[in-house]
Each structure stands twice: as structure tokens, then as C-alpha cells.
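Secondary and tertiary structure notes
Below, each chain spelled out in residue letters.
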Amino acid sequence: KTRIRYPGGESQADLMLRLEPVAICLEQQVEPSLVVSHTSVLQALVAYFRNSLAETCMNIDLPLNTVFKFEPAKGGGWKETRHCICSGESDTL
């Protein structure tokens, strides 16, 4: 499924290859960065920072009106926080 390329489009595997340098660049930033993009791109980046399997990234639920914040965690990995921009609620995972 990850290698199916739609006419005039790219496969999920193509997308992951295209986004790898972007994810690495985001990891190396010392200032906050904001990414606004299509759902599939955001799912792939969230999967990267969650250290999830690439094959499962299209199953990641991305609620509307929500900002995902990833901060380096002690001992490695990333701390994920969700901020709903419509109701003022936050959710830490």
C-alpha cells in the first residue's frame, strides 16, 4: 500500500523520502518552527517525531484546529503536547 502511486501523484513511500530532510532540519532547529501543510504531510511528520512506523502514519488522527508541539525530552525522544486553538484546552501525551 505504501508504494501505490496514484496517477500524477506520489506514493506514501515517495512522500516519506521527500520529507526526511525536512524532518531532520526541523529536529536541528534551536528556535520554534511552525509547519502548516496538508494532512498527509503532517501525519508523516507526526509519525517521525513519535518514532512510529512509516506504514502506519496515514492512520494518525489529526484533530482540526489543533497545534501539535514537539519538544526534546530528557533521555531522547520528543514530548508531544496538543493545543486546541478554538477552546483554549491543552492535552499532553
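Now for a description of the structure that goes with this document. Keep in mind that what you see is a predicted model, and the values were worked out from it rather than measured. (Residues numbered from 1 in each chain as written. Predicted model: local features only at pLDDT ≥ 70, side-chain atom pairs only at ≥ 80, totals over all residues. Heavy atoms only, no water.)

Structural notes on the overall build of the protein
Keep this limit in mind: Helix and strand assignments follow DSSP, with helices taken as H or I runs no shorter than four residues and strands as E runs no shorter than two, numbered in order from the N terminus. Note on classification: 1.4 Å probe, protein chains only; a residue is buried when its accessible area is under 20% of the maximum for its type, exposed when over 50%, partly exposed between these limits. Throughout, a residue-residue contact means that at least one pair of heavy atoms, one from each residue, lies within 4.5 Å. With residues, only the protein chains shown are counted as cover, and all accessible areas are computed by Shrake-Rupley using a 1.4 Å probe. Charge convention: Lys and Arg are scored as positive, Asp and Glu as negative, and His as well as the terminal groups of each chain are ignored. Positions of charges follow a simple convention, taking NZ of Lys, CZ of Arg, CG of Asp or CD of Glu.
Secondary structure summary: the protein contains two helices and three strands in total. When the helices and strands of the protein are read in sequence order from the N terminus, they spell out α-α-β-β-β. Seen through its principal axes, the protein has C-alpha atoms that stretch 40 × 30 × 20 Å. Here the protein holds 93 residues, and 22% of them are scored as buried. Partitioning the contacts of the protein with sequence separation of at least 6, the portion at a separation of at least 24 is 22%. Surface accessibility of the protein: about 6900 Å² in total, with carbon and sulfur atoms responsible for 54%. Positive and negative side-chain charges in the protein, numbering 9 and 11 respectively, have mean positions lying 3 Å apart.

Section: the packing of aromatic side chains
Worth spelling out the cut-off: Aromatic rings from Phe, Tyr and Trp, with only the six-membered ring used for Trp, were paired whenever their centres fell within 6.5 Å, and each pair was classed as stacked if the ring planes differed by under 30 degrees, edge-to-face if by over 60, and tilted otherwise.
Counted by the stated rule, this structure contains three aromatic pairs. Both rings, one in Y48 and one in F49, keep their centres 5.2 Å apart while their planes meet at 85°; by these two values the pair is edge-to-face. Taking 4.9 Å as the distance between ring centres and 90° as the angle between the ring planes, the aromatic pair formed by F49 and W78 counts as edge-to-face. A residue pair is termed long-range when its members are at least 10 positions apart, and F49 in helix α2 (residues 39-50) and W78 in strand β2 (residues 78-84) qualify at 29 residues. Take F49: its relative accessible area is 10%, and that puts it in the buried class. For W78, a relative accessible area of 26% translates into the label partly exposed.

Points about the side chain of E80
Selection criterion: We define a polar contact as two N or O atoms separated by no more than 3.5 Å, with the added condition that, inside protein, one atom must be a possible hydrogen donor and the other a possible acceptor, whereas residues neighbouring each other in sequence contribute only through side-chain atom pairs.
Checked against the element boundaries, E80 lands in strand β2. Judged by its relative accessible area of 6%, E80 falls in the buried class. There is a polar contact of 2.8 Å between the side chain of E80 and the side chain of R50.

Some thoughts on the nonpolar core
This is how the line gets drawn: In these notes, a set of buried Ala, Val, Leu, Ile, Met, Phe, Trp, Tyr and Cys residues joined through side-chain atoms within 4.5 Å is what counts as a nonpolar core.
With 12 residues, the main nonpolar core is built from L15, L19, A23, V41, A44, L45, V46, A47, C57, I60, L62 and F68. Looking at this core, the elements with two or more residues in it are α1 (12-27) and α2. In terms of residue count, α2 provides more of this core than any other element does, five residues in total. Those residues in contact with F68 that lie beyond four places of it in its chain are R50, D61, L62, P63, E80, T81 and R82.

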